[in-house]
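# Geometric and topological summary
Given next are the chains, with one letter for each unit.
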Amino acid sequence: MILTDIDDSTNTGVIVLRPNNSWSWRANVLFLSVFMAVSLTIATGFLIAGAWVILPFSLLEITVVGACIHYCVRQCSRQEVITVTDHEVTIEAGVRKPDNQKTFQRAWAKFFVHKPRRPWENPTLSIRSHGQTTEIGSFLNRRDKEDLVSQLRRIVPR
């Protein structure tokens, strides 16, 4: 998902890049709650029937599924913010706060689109200046990357 705030008169602005989220955090918690209820109900039935060994495996299963959901939600919560001012291009990346920040001089910064080697791969976008290269939007799908390229063309006139 791409959110833009670009001033066409000054060719400056902010572009926020986020992965597409299939479910919200509330939907994930609801899914995990229903999954836990069903799993623990089945495990309790086996426990009453005398098969107590099912309960620890059910708890292990719930823990693994919960950890996987947490990992996926965390990966979908990361974002990149590209800020283009008159003199600088700043790229901030992180989950809740910027963990990584790179600043380039706008006069020397160039955006590159690298074509994929195979038809099923996505193109890669990067910014390069003074021998330093940073990939942009590695988590975006093909359509979002094409939209990002068109937004960057609005900021960087040819």
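A word on the environment of S150. Considering the arrangement of structural elements, one finds S150 in helix 3 (residues 142-155). Relative accessible area serves as the criterion here: at 34%, S150 is assigned to the partly exposed category. Remark: the alpha-carbon pair of S150 and D99, spanning 51 residues in sequence, is separated by 27 Å. For S150, the side chain forms a polar contact with the main-chain oxygen of D147, separated by 2.7 Å.

With that settled, consider the packing of aromatic side chains. If you walk through the whole model with that rule in mind, you get two aromatic pairs. When the ring of W23 is compared with that of F31, the centres are 5.9 Å apart and the planes differ by 65 degrees; the resulting orientation is edge-to-face. By relative accessible area, W23 is classed as partly exposed at 47%. F31 gets classed as partly exposed once you look at its relative accessible area, which sits at 37%. Ring geometry for F31 against F35: centres 6.2 Å apart, planes inclined by 20 degrees, an arrangement best described as stacked. Of this pair, F31 and F35 are both found in helix 1 (residues 25-49), four residues apart, which corresponds to roughly one turn of the helix. Chaining the aromatic ring pairs together yields one cluster made of W23, F31 and F35. For R128, the ring lying beneath its charged end belongs to F112, and the centroid distance is 4.3 Å.

Moving on, we get to the side chain of D144. By the secondary structure assignment, D144 is in helix 3. An unpaired buried charge is present at D144: no salt bridge exists, and R143, the closest side chain of opposite charge, is 6.6 Å distant. Contacts of D144, omitting those with residues within four sequence positions, involve M1, I2 and N20.

Let us look at the state of the cysteines. Applying the stated criterion to the full structure yields zero disulfides. Free cysteine C68: the closest other cysteine sulfur is in C72, separated by 6.7 Å. Between C76, a free cysteine, and C72, which holds the nearest cysteine sulfur, the sulfur-to-sulfur gap is 6.7 Å. Under the relative-accessibility criterion, C76 is labelled partly exposed at 30%.

Attention now moves to the nonpolar core. The biggest cluster of nonpolar side chains holds 19 residues, and the ones touching the most others in it are I15, L17, I82, I127, I136 and L148. Elements that contribute at least two residues to this core include exactly strand 1 (2-7), strand 2 (12-17), strand 3 (79-84), strand 4 (88-94), strand 7 (124-129) and helix 3. Per-element accounting of this core gives the leading share, four residues, to helix 3.

Together, L30, V34, V38, I42, F46, L47, W52, V53, I54, F57, L60 and V64 give the surface a local cluster of nonpolar side chains, amounting to about 1200 Å² of exposed area. Among the secondary structure elements, those contributing two or more residues to the nonpolar patch are helix 1 and helix 2 (54-76). In terms of residue count, helix 1 provides more of the nonpolar patch than any other element does, six residues in total. Mapped onto the elements, L30 comes out in helix 1. You can call L30 exposed: its relative accessible area is 56%.

Conventions used here
Residues numbered from 1 in each chain as written. Predicted model: local features only at pLDDT ≥ 70, side-chain atom pairs only at ≥ 80, totals over all residues. Heavy atoms only, no water. Helix = DSSP H or I, 4+ residues; strand = E, 2+ residues; numbered from the N terminus. Buried < 20%, exposed > 50% of the residue type's maximum accessible area, 1.4 Å probe, protein only. Polar contact = N/O pair within 3.5 Å; in protein donor to acceptor, adjacent residues only side chain to side chain. Phe/Tyr/Trp six-rings, centres within 6.5 Å; stacked < 30°, edge-to-face > 60°. Lys NZ or Arg CZ within 6 Å of the ring centre and 35° of its normal. Lys, Arg positive; Asp, Glu negative; His and termini not counted. Salt bridge = Lys/Arg side-chain N within 4 Å of Asp/Glu carboxyl O. Contact = heavy atoms within 4.5 Å. Disulfide = S-S within 2.5 Å. Core = buried A, V, L, I, M, F, W, Y, C linked by side-chain atoms within 4.5 Å. Patch = residues over 30% accessible without salt bridge, like charges linked within 9 Å, V, L, I, M, F, W, Y side chains within 5 Å. Areas by Shrake-Rupley, 256 points an atom, 1.4 Å probe, with all protein chains shown as cover.

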